[in-house]
Structure formats: structure tokens, C-alpha cells
Amino acid sequence: MPLKTKRWNDPRKKSDGFRLLICRYRPRALPKADETWDAWYPNLGPSKELHADFYGKNGPPITWDEYRERYLKEIAAQKEFIEELAAMVSEGKIITLLCSSACEDASHCHRTLLKGLIEAQVANLAGTQEKKP
């Protein structure tokens, strides 16, 4: 499937296709000329409140399970954008979702959760197309 995930500071490869930064915060002190992404959509990142809760800025850090549940609830508001990305993937366009340089564990990162949502939407689109006469 032409949907990938990386950190924004991972080296750009031709096979990355369209690189989309999905962090709520833009990397600090990074000159525009050094950006490694084609577009930035901060609303696909966790809310400022969820980010702070996960990193313990409002008390003890929340668990990954709580983070995942809250992120999936938040991201439901971005359904149209998820559908648009899924349509692009369905057309064969390559998209690489980019997250923070500090996010080293993809299995505990919103980029992987978002990738799963997009892939599910791609599967729904494929199922819809198969049912058409």
C-alpha cells in the first residue's frame, strides 16, 4: 500500500511521494528552507491538551491506551480529510505521514493510528468499488 510513516527528520527518499507533516506543533527553529514535508496539517495531530497529558505536563502522564482512545475520538472530526487521503492512496498516490523527530516508537505514535484509519477507509473504498456493477 502506498501509505508510509516516518519522522519529519528522516531522510527524504524519492519513494516517499507526498510527505505530510501531521504534528500539532511545527518543529522549533527550523527554517522554512529546511522543511522536509510538502504540506502540514496540524489538525491530524493530537490536540494540545492530549499532547500535554501524554507527556505529563498536567500531572502524571496518561497511558498509551488512554492516549489512543482520546486521539481516535479527536480525529473523528477530521473524517473528510481522512477520506481525501484515502482517495489519494486508492488512486495509487504515495503518501508518507510525518511525525515528530522525538517520536522514535512508531507503535506508540499517532501516525500509526492515523495510518490505520486511512487504510480502513481505503478498504471501504475498495469494497464499495467492487460492489458497483
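Since the model is a prediction, treat every value here as computed from it, not as a measurement.

Let's shift gears to the nonpolar core. Counting residues in hydrophobic clusters, the biggest one holds 23 residues, and the most contacted among them are Leu-44, Tyr-67, Leu-85, Leu-97, Leu-114 and Ile-118. Those elements that provide at least two residues to this core are α1 (48-54), α2 (64-75), α3 (79-90), β4 (95-99) and α4 (110-131). For Leu-44, the contacting residues outside a window of four places in its chain are Leu-20, Ile-22, Tyr-71, Ile-75, Gln-78, Phe-81, Leu-85, His-110 and Leu-114.

Looking now at the pairing of β4. Note on strand geometry: in a regular strand, side chains alternate between the two faces of the sheet. By the criterion of burial, β4 is predominantly enclosed, with five of the five residues buried. Residues Ile-95, Leu-97 and Cys-99 of β4 are buried on one face, and the alternating residues Thr-96 and Leu-98, pointing to the opposite face, are buried as well. Pairing between strand β1 (residues 3-7) and β4: five bridges, direction parallel. Bridged to Lys-6 within β4 is Leu-98. Bridging between strand β2 (residues 18-21) and β4 involves four bridges; their strand directions are parallel. In the strand pairing of β4, Leu-21 is matched with Leu-98.

Our next topic: the pairing of β2. Here two bridges tie β2 to strand β3 (residues 39-40), and the two strands are oriented parallel to one another. Pairing of Leu-21 across the sheet is with Trp-40, part of β3.

Once that is clear, we can look at the environment of Ser-101. Here Ser-101 is to be found in the loop between β4 and α4. With a relative accessible area of 27%, Ser-101 lands in the partly exposed category. It is 8.4 Å that separates the C-alpha atoms of Ser-101 and Pro-27, two residues lying 74 residues apart in sequence. Sequence-distant contacts of Ser-101, that is, excluding residues within four places in its chain, are made with Arg-7, Trp-8 and Asn-9.

Another point: the state of the cysteines. With the rule as written, the count across this model stands at zero disulfides. With no disulfide partner, Cys-99 has as its closest neighbouring cysteine sulfur the one in Cys-109, 3.4 Å distant. Exposure remark for Cys-99: the relative accessible area of 3% places this residue in the buried category. Here Cys-109 is not cross-linked by a disulfide; its sulfur's nearest cysteine counterpart is in Cys-103, at 3.1 Å. Overall, Cys-109 belongs to the buried group, its relative accessible area being 2%.

Okay, the confidence of the model for the protein next. Per-residue pLDDT for the protein averages 91, and the proportion of residues at 70 or more is 95%. Of all secondary-structure elements in the protein, the lowest mean pLDDT belongs to α4, at 86, while α2 reaches the highest, 97.

This part is about α3. Counted at 1.5 Å a residue, the expected span for α3 with its twelve residues is 16 Å, and the 16 Å between its end C-alpha atoms agrees. Looking at α3, one finds that the buried residues are Phe-81, Ile-82, Leu-85, Ala-86, Met-88 and Val-89. Down the axis, α3 shows its buried residues gathered within 160° of arc, on one side only. Opposite its buried face, α3 presents the exposed residues Lys-79 and Glu-80, each directed more than 90 degrees away. Positive phi shows up at Gly-92, right after α3, with a value of about 95°.

Scoring rules and cut-offs
- Residues numbered from 1 in each chain as written.
- Predicted model: local features only at pLDDT ≥ 70, side-chain atom pairs only at ≥ 80, totals over all residues.
- Heavy atoms only, no water.
- Core = buried A, V, L, I, M, F, W, Y, C linked by side-chain atoms within 4.5 Å.
- Buried < 20%, exposed > 50% of the residue type's maximum accessible area, 1.4 Å probe, protein only.
- Helix = DSSP H or I, 4+ residues; strand = E, 2+ residues; numbered from the N terminus.
- Contact = heavy atoms within 4.5 Å.
- Pairing = 2+ DSSP bridges.
- Disulfide = S-S within 2.5 Å.
- pLDDT = per-residue confidence, 0-100.
- Expected span 1.5 Å × (residues − 1).
- Arc of directions from axis to C-beta.

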